[in-house]
Amino acid sequence: MDASNPLQQLLVRGLGTTSLVADRLRSVTQAWVSSGRLDPAQATALVDDVLASLRGENPELEKQTERQVERNLDHLLQDLGLARQREVDELRGRIDRLEQQLRRLRSDTGANDASSYSDVPD
């Protein structure tokens with residue numbers, strides 16, 4: 001492992017932590033099965049469910065995490081005073097609609113009255 005690469009260190013630590021959790025979960029569920037507090041099939045299902053969640057195979061957890069990331073990103077961009085791409089696209093659409101309305105107004109009022117709108121681009 002490269003000590004100067006923090007991303008690599010984080011990844012290795014995360015994998016190690018996941019492995020420790022899985023091992024500990026297996027030992028705890030085996031103890032529960034031995035003591036009769038848990039059925040062996042339930043223990044297997046519990047371990048599988050928890051490990052699937054740890055591996056990111058839980059669609060509901062993924063959706064929840066995605067929503068949280070979106071909220072955090074929205075707050076960060078707002079704090080920085082930046083707009084998201086969808087917000088810029090919405091504004092472009094509004095500008096296009098306003099320009100179309102202005103063109104219609106120009107054509108409805110005729111060339112004489114439209115001279116007052118000469119500073120507005122086509």
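Residues numbered from 1 in each chain as written. Predicted model: local features only at pLDDT ≥ 70, side-chain atom pairs only at ≥ 80, totals over all residues. Heavy atoms only, no water.

**Overview of the overall build of the chain**
Here is the rule we go by: In this text, helices come from DSSP runs of H or I with a minimum length of four residues, and strands from runs of E with a minimum of two, each type numbered from the N-terminal end. Three labels apply to residues, based on accessible area from a 1.4 Å probe with only protein chains included: buried if under 20% of the type maximum, exposed if over 50%, partly exposed otherwise in between. Contacts: residue pairs with any heavy atoms within 4.5 Å of one another.
Check the secondary structure of the chain and you find four helices and zero strands. Walking the chain from its N terminus toward its C terminus, one meets helices and strands in the order α-α-α-α. Expressed as a percentage of the 122 residues in the chain, the buried residues total 12%. The long-range fraction of contacts in the chain, counting pairs at least 24 apart against all pairs at least 6 apart in sequence, stands at 12%.

**Notes on the confidence of the model for the chain**
Worth spelling out the cut-off: A score from 0 to 100, pLDDT tells how confident the predictor is in each residue.
Averaged over all residues, the pLDDT of the chain equals 78, while 75% of them reach at least 70. Per-residue pLDDT, averaged within each element of the chain, yields its smallest value for helix H1 (residues 6-35) (75) and its largest for helix H4 (residues 85-114) (87).

**Comments concerning helix H2 (residues 40-54)**
Selection criterion: Under the convention used throughout, the expected extent of a helix is 1.5 Å for every residue step, that is, one less than its residue count. Directions from the helix axis toward the C-beta atoms define the arc.
Between its first and last C-alpha atoms H2 spans 21 Å; for 15 residues at 1.5 Å apiece the expected length is 21 Å, and the two agree. All of the buried residues along H2 are Ala43, Val47, Leu51 and Ala52. The arc enclosing the buried residues of H2, seen along the axis, measures out at 160 degrees, which places them on a common side. Pointing more than 90 degrees away from the buried face of H2 are the exposed residues Ala41 and Asp49.

**Describing a nonpolar patch on the surface**
Basically, it comes down to this: Patch criteria: residues need more than 30% relative accessible area and no salt bridge. Like-charged residues are merged within 9 Å; nonpolar side chains of Val, Leu, Ile, Met, Phe, Trp and Tyr are merged within 5 Å. A 1.4 Å probe and the Shrake-Rupley method give the accessible areas. Residues count as covered only by the protein chains that appear here. Criterion for a salt bridge: a side-chain nitrogen of Lys or Arg within 4 Å of a carboxyl oxygen of Asp or Glu.
Taken together, the side chains of Leu73, Leu76, Leu80 and Leu82 define a hydrophobic patch exposed on the protein surface, amounting to about 360 Å² of accessible area. For Leu80, the position within the fold is in helix H3 (residues 59-80).

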